[in-house]
Amino acid sequence: MSAELPSENGSFLRFPKGFLWGVSTAAHQVEGGNDNQWSDWEKAGHIRSLDACGSACDWWISTDVDFDLAQKLGINSLRLSVEWSRIEPQENCFSESALQRYRRMLEDLHRRGIQPSVCLHHFTNPRWFEQKGAFLSAESTALFERFTSRVVEALGHLCKLWITFNEPNVYATLGYVTGEFPPGQKGKVDRALKVMSSMARAHARAYKVIHEFQRETQVGWAQHYMVFHPVQSGLDRMVAGIQSLIFNEGFFQLIEHGHFKLPFSLVGGSAPEAEGAIDFVGLNVYNRFHVDFDLKSVGQLFGRVYVPTDVPQGDSGVEKPYGEAFPGTIRAAVERAARFHKPIYIMENGVPDATDRVRPWLLINALKEVHSLIKDGHDIRGYFHWTLTDNFEWAEGWWLRFGLIALDPKTQQRTVRGSGRLYGEIANNNGFTKELVEKYSQAPPQK
Ligand code: BGC
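Residues numbered from 1 in each chain as written. Predicted model: local features only at pLDDT ≥ 70, side-chain atom pairs only at ≥ 80, totals over all residues. Heavy atoms only, no water.

### Some points on the side chain of H385
Here is the rule we go by: In this description a helix means any DSSP run of H or I spanning at least four residues, a strand means any run of E spanning at least two, and both kinds are numbered starting from the N terminus. The buried label goes to any residue with under 20% of its type's maximum accessible area, the exposed label to any with over 50%, and the partly exposed label to all in between, with areas taken from a 1.4 Å probe on protein chains only. Any pair of N or O atoms that falls within 3.5 Å is considered a polar contact. Within protein, one atom must be able to donate a hydrogen and the other to accept it, and sequence-neighbouring residues count only if both atoms are side-chain atoms.
Here H385 lies in strand β11 (residues 380-385). H385 gets classed as buried once you look at its relative accessible area, which sits at 0%. Polar contacts involving the side chain of H385 include one to the side chain of Y383, which spans 3.0 Å.

Structure (structure tokens):
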């Protein structure tokens, strides 16, 4: 079935009935007080701002304020992740009280008319799992399967949209090639590929377990997709193509064929059971990077990846720009994902922007793109903005603010941003006017 747009009255971009207007979050970024491989990474001083997650948005204590605000805004779906280290703090010792806490969260969402989506793994690992070598360990798929069974037994009746893994390509690349994420290894492309194939096998097991419990549910994963734009044709195009192949294609190939294509297949392992094991493709889409051929960029296979200064950008990270805010990435990602012939959800899209300089522009232009893709026949069932409330941004700490709601982490004071109200209005109306498109047709002001 493909999503169908209702007939238009000319001046209003209306979305299909039942379209999910969501927000995405992740356990470690919002719960506070987690004890996992990331909290160890924070303690070891790896966060660029030298922050620690602290109590984050305090969701482990209470989600009431944020869930109330989400409901008031008109958001009808919320993606959260469950924290493996809380549910299985020691190997094979499961915490009933942690599962009970998540059950409460999901019930609280349902009570507010918000459909939950649950992600099983969003970058964090229990310490014991990390010590075994995480997804490089031969046991990892079985361990992930057992964890999934417990979660689905406890929460399955409350969730119909499951994401097994968030961004295996980011987890593997930043953890094993650039060293920006734990375990902080650099240049280990072979390991990154092995991690991805192991995650694909774990995904396939989880897919099966969830469906054994609940036939009607939808299971997928969230793929980060980036555009690598060659500055000119020729060599720039060649190196940009290589960057894109490495970052975007690996996990797609594993789910499409059960194995990598050459050359990744030479070292990356395979995942035959993963072939076709999805009900939807989730896409996390943010940026475009520019690439030119550069003999000095040996570590990046001679592709210099950069962000020009004159493109729309949100706030910068501590050491480097976050990236070009580029709504067109959605089209590139959807057109690639369409090859699976499955429904598509935009599972994350957003921009770091403490003062709402860029976010309203991004929202309207991203949603305009989604609308036009649906019009072209793509079966896009929902858009989830990253994120509801400012939260702890991994390697950058509290430096980057992605929320529709601003948070002061010290006082826990929340302030709804103008972009939050704008998104709420769009969700409530299931679309927006062409006047809004017109209003945000110009690129936002530079910093
Ligand atoms: C991740 C989020 C992160 C966001 C903004 C995504 O790739 O899934 O956890 O906060 O990007 O950087």
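### Quick look at the site of the ligand
Put simply, the test is: A molecule or strand has a residue near it when one of that residue's heavy atoms lies within 4 Å. Surface accessibility follows the Shrake-Rupley procedure with a 1.4 Å probe radius. Residue values consider only the protein chains on display as shielding. A 1.4 Å probe that fits but cannot get out identifies a cavity on a 1 Å grid over protein atoms alone, an open set with protein on both sides within 12 Å along at least five of seven lines counts as a pocket, and a residue lines either if it has an atom within 4 Å of a point. Whether a molecule sits in a cavity or pocket is decided by its atoms, more than half of which must lie within 2 Å of the grid points. Residue classes follow a fixed rule: Ala, Val, Leu, Ile, Met, Phe, Trp, Tyr, Cys and Pro count as nonpolar, while Asp, Glu, Lys and Arg count as charged, and any other residue, Gly among them, counts as polar.
The environment of the ligand is made up of Q29, H122, N166, E167, H224, Y286, Y322, E348, W386, E393, W394 and F402. Interatomic distance of 3.4 Å between a side-chain N/O atom of H224 and an oxygen atom of the ligand. For the ligand, an oxygen atom lies 2.9 Å from a polar atom in the side chain of E348. Calculation on the ligand without its partners gives an accessible area of 310 Å², and the protein chains cover 95% of this total. For the ligand, the cavity whose grid points lie within 2 Å of the majority of its atoms is the largest pocket. Considered class by class, the residues forming the shell around the ligand number five nonpolar, four polar and three charged.

### A few points about the pattern of salt bridges
Test applied: Criterion for a salt bridge: a side-chain nitrogen of Lys or Arg within 4 Å of a carboxyl oxygen of Asp or Glu.
One pass over the full model with this rule turns up 32 salt bridges. We note a salt bridge from E369 to R331, for which the minimum N-O separation is 3.0 Å. With a gap of 38 residues between them, E369 in helix α12 (residues 359-375) and R331 in helix α11 (residues 328-337) connect regions that are remote in the sequence. With relative accessibility at 22%, the residue R331 sits in the partly exposed group. The salt bridge partner of D379 is R381, with a shortest N-O separation of 2.9 Å. On the basis of relative accessible area, R381 is assigned to the partly exposed category, the value being 21%. Linked by salt bridges that have partners in common, R48, E180, E319, K320 and E396 make up one network.

### Regarding the layout of surface pockets
Selection rule: Grid points are joined across faces, edges and corners, and a volume is the space filled by probe spheres set on the points.
Taken as a whole, the largest pocket spans an internal volume of roughly 1300 Å³. Around the largest pocket sit 44 residues that line it, and L174, T178, E180, M226 and K320 are the ones nearest its centre. Contributing elements (two or more residues each) for the lining of the largest pocket: α8 (168-176), α9 (189-213), β6 (218-230), α10 (235-257), β7 (280-293) and β8 (303-306). At four residues, α9 tops the list of elements feeding residues into the lining of the largest pocket. Looking at the lining of the largest pocket residue by residue, the classes come out as 26 nonpolar, 11 polar and seven charged.

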